[in-house]
Amino acid sequence: MLQLKNICFSVDGKDILKDINFTAEDRFIAVTGPNGSGKSTLLKIIMGLTEPTSGQILLDGNDITRLPVNERADKGISFAFQQPVRFKGLKVSDLMKLAVGKNLKASEQFARACDILSGVGLCAKDYMDRELNDTLSGGEMKRIEIAMAAARGTKLTLFDEPEAGIDLWSFQSLIHVFEQLYRDTSGSIIIISHQERILSIADKILYLKDGVIERYDDGKKIMSELELNMHSSDCKVLTDKNTHCGKGRELK
Amino acid sequence: MMNEIQKSLLKEVAALDALPTGAYNIRSDGSGIARNTTANIDIITKQDKQGIDIIIRPGTKNESVHIPVIISQSGIEELVYNDFFIGEDCDVTIIAGCGIHCAGKDDSKHDGIHSFYVGKNSKVRYVEKHYGEGEGRGKRLMNPTTIIELEENAVMKLETSQIGGIDDTLRITKAVLKENAGIIIHDKILTAGTQHANAEIHVEMNGDGSNCDIISRGVAKESSYQEVTIKIDGNAACSGHAECDSIIMDNGVILAVPQLKATNVEASLIHEAAIGKIAGEQLLKLMTMGLTEKEAEELIIKGFLQ
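**Student:** An account of the overall build of chain A is requested, with residue identities and associated values reported.
**Tutor:** Scanning chain A from N- to C-terminus turns up nine helices and ten strands. Since a compact globule built from 252 residues should have a radius of gyration of about 18 Å, the 18 Å found for chain A is in line with a globular shape. C-alpha extents for chain A along the principal axes are approximately 50 × 40 × 35 Å.

Have a look at this one:
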């Protein structure tokens, strides 16, 4: 179980995260909020990609605040980047095999990697030998990124806005990946999202604004409140972009 | 009978655990130690100088020739000429390569000059790997020169690499292409310590419809130096592309020199060159998958030179 205690993060005198405290008791937590609210920074701090200015991170009661990224990975944290990283020369199969784990035989590694790639809508036969370079589109890279994080099947998987770069219609068909990860593992998922479909299947929704947790509550409860408010709003999708709508609403 | 060092070098440069099938000529410490010819591929020792002629009959398909060279003693220096005469309508694979194990104080040096005359409509895949090892003070030196003449519609693919252990090298590749001939060159170099590598690749496209694609990848670690010069001459209605990518590490130095020359308005030539360090985000991505920073770096380099 993940626990954040008094996490603060400042850069150039600006407070990005202000005294964040929360315990991830539930298995599916959706983090949402406006641009610049600190969502990505929060996930990066959990993974160790960014060091907090102060505060403490506990995983199963153990302090991991000072652990390097790879040791957090070994302890069971996975991370899907919002902007997937490209590699010249490395193939999809190289990283997928790394993701599914060294303990499997080569044939088992391949079979599992193929299953997961198929799950994100990519035909393994066509993609396993592809290089993770500029020849893959942004959408393809994003699907592979999601597949790699899911393939690790760890106790905590962090997804930084998986819908970014994927069109809405394609993303709808990817939601089952998160559902399957939830179903097939006993691990927890923390996912940054603005998608109503994701928010509607979350156990808890964490709403971050200006570096502060404004709300952390039962997902269904929040979503039903939103439903009630829907009649007075033109917006159908909960996004930070709703501020552009004439009758946009805030989650409070 | 080969000793363990010779066997190890042979495996490293030609991926051979035993004698290969097909035609082969294995040279060790200055002389030939094993040879096999086939009905379609003949290998003849040169009389006027060190080296062999490899003669491949027209129409030979799906056959291979292995010609590895190994040097397992320090103090050996040799200059070898290997000439390949490949008939028309062939489809063959040629595996070359040189491995040096230098355990003594004297330098070991192999200069190999390979000339290819590739007949009309033939396809040739050429794989050449250079490798050095040994704790001796003597330097491991290699200077390969590859000269290629491609007749009409002939296609050649070269996969050349020098992955560690060579202290000093000058690698020269020159190719001349006639009508509709094509050449693909994938060259890889890894240097470390105070090693010095200089590679010059020069392709002349003289026939209409000819084409070339050159991809050079280098990694310069520690205080090593690499210089890569790629020249493409377009003298006809042809297309040429060169990509020169390098990763620089530690105190390494890399000089990439592209040169395109067109003497025909129908020539289309492109050159891309990039030098940079390993991106921090690449390291972090692999670390999120459980690799240490060093393991991540090694995997990135391995992939880059794959």
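Next comes the rest of the account.
**Student:** Give me the interface of chain B and chain A: which residues, what numbers.
**Tutor:** How big an interface is tends to be stated in terms of the accessible area lost upon association of its parts. Listed per partner, the contact involves 16 residues of chain B and 17 residues of chain A. Only helix H2 (280-287) and helix H3 (293-304) of chain B provide two or more residues apiece to the side of chain B that touches chain A. Top contributing element to the side of chain B that touches chain A by residue count: H2(B), with five residues. Along the lines of polarity and charge, the residues of the side of chain B that touches chain A split into seven nonpolar, six polar and three charged.

**Student:** A description of the pairing of strand E2 (residues 14-24) of chain A should follow, citing residues and the corresponding values.
**Tutor:** Each regular strand carries side chains that alternate between the two faces of the sheet. Residue and element names in this part refer to chain A. In the sheet, strand E1 (residues 2-11) pairs with E2 via seven bridges, with the strands oriented antiparallel. For Ile-7, the partnering residue across the bridge sits in E2 and is Ile-20. From the end of E1 to the start of E2, which pair antiparallel, there are two residues, and Asp-12 there has a positive phi angle of about 50°.

**Student:** Before we move on, can you summarise the confidence of the model for chain B with the specific residues and values?
**Tutor:** With 100% of its residues at a pLDDT of at least 70, chain B reaches an overall mean of 92. Per the prediction output, this complex has pTM 0.85; the corresponding ipTM is 0.89.

**Student:** Give me the lowdown on helix H7 (residues 168-184) of chain A, citing residues and values where you can.
**Tutor:** All names here are of chain A. Between its terminal C-alpha atoms H7 stretches 25 Å, which fits the 24 Å expected from 17 residues at 1.5 Å a residue. Where H7 bends most, at Leu-174, the angle is about 25°. All of the buried residues in H7 are Phe-171, Leu-174, Val-177, Phe-178 and Leu-181. Looking at the buried positions of H7, the neighbouring elements they touch are helix H4 (106-119), helix H6 (138-152), strand E7 (156-159) and strand E8 (188-192).

**Student:** Could you give me a rundown of helix H1 (residues 4-14) of chain B, with the residues and numbers involved?
**Tutor:** All names here are of chain B. All of the buried residues in H1 are Leu-9, Leu-10, Glu-12, Val-13 and Ala-14. Along the axis of H1, the buried residues cluster in a sector spanning 165°; they form a single face. Tucked inside the fold, the buried residues of H1 contact strand E5 (61-66), strand E6 (69-71), strand E8 (91-101) and strand E10 (123-133). The first or second residue beyond H1 is Ala-15, which carries a positive phi of 55°.

**Student:** Could you give me a rundown of unusual backbone geometry, with the residues and numbers involved?
**Tutor:** Leaving glycine out, the prevailing phi sign among residues is negative, and the prevailing peptide bond configuration is trans. Residue and element names in this part refer to chain B. Within the chain, Asn-62 stands out as a residue other than glycine whose phi angle is a positive 55°. Inspection of the secondary structure puts Asn-62 in strand E5. The backbone of Asn-153 shows a phi angle near 65°, a positive value even though the residue is not glycine. Here Asn-153 lies in the loop between strand E11 (140-150) and strand E12 (155-163).

**Student:** Account for the pairing of strand E1 (residues 23-28) of chain B, naming residues and giving values.
**Tutor:** Residues and elements named next belong to chain B. Extensive coverage of E1 is indicated by the burial of six of its six residues. Two strands pair when backbone bridges link them, and E1 and E5 are joined in this way by two bridges, in the parallel orientation. Bridge pairing in E5 places Tyr-24 opposite His-66. Inspection of the sheet shows E1 paired to strand E2 (residues 31-36) by five bridges, in the antiparallel sense. Its bridge partner being in E2, Asn-25 is matched across the sheet by Arg-35. Between E1 and E2, which pair antiparallel and follow one another directly, the connecting turn spans two residues, one of which, Asp-29, has a positive phi of 50°. Examined bridge by bridge, E1 and E6 share two bridges and lie parallel to one another. From the neighbouring strand, Ser-28 faces E6, where its bridge partner is Ile-70.

So, how was this worked out
Residues numbered from 1 in each chain as written. Chains lettered and ligands numbered in written order. Predicted model: local features only at pLDDT ≥ 70, side-chain atom pairs only at ≥ 80, totals over all residues. Helix = DSSP H or I, 4+ residues; strand = E, 2+ residues; numbered from the N terminus. Rg over C-alpha atoms; globule rule 2.2 N^0.38 Å. Contact = placed C-beta atoms within 7 Å. Nonpolar A, V, L, I, M, F, W, Y, C, P; charged D, E, K, R; others polar. Pairing = 2+ DSSP bridges. pLDDT = per-residue confidence, 0-100. Expected span 1.5 Å × (residues − 1). Bend = angle between axes of the 7 residues up to and from the residue. Buried ≥ 20, exposed ≤ 12 C-beta atoms within 10 Å, placed from the backbone. Arc of directions from axis to C-beta.

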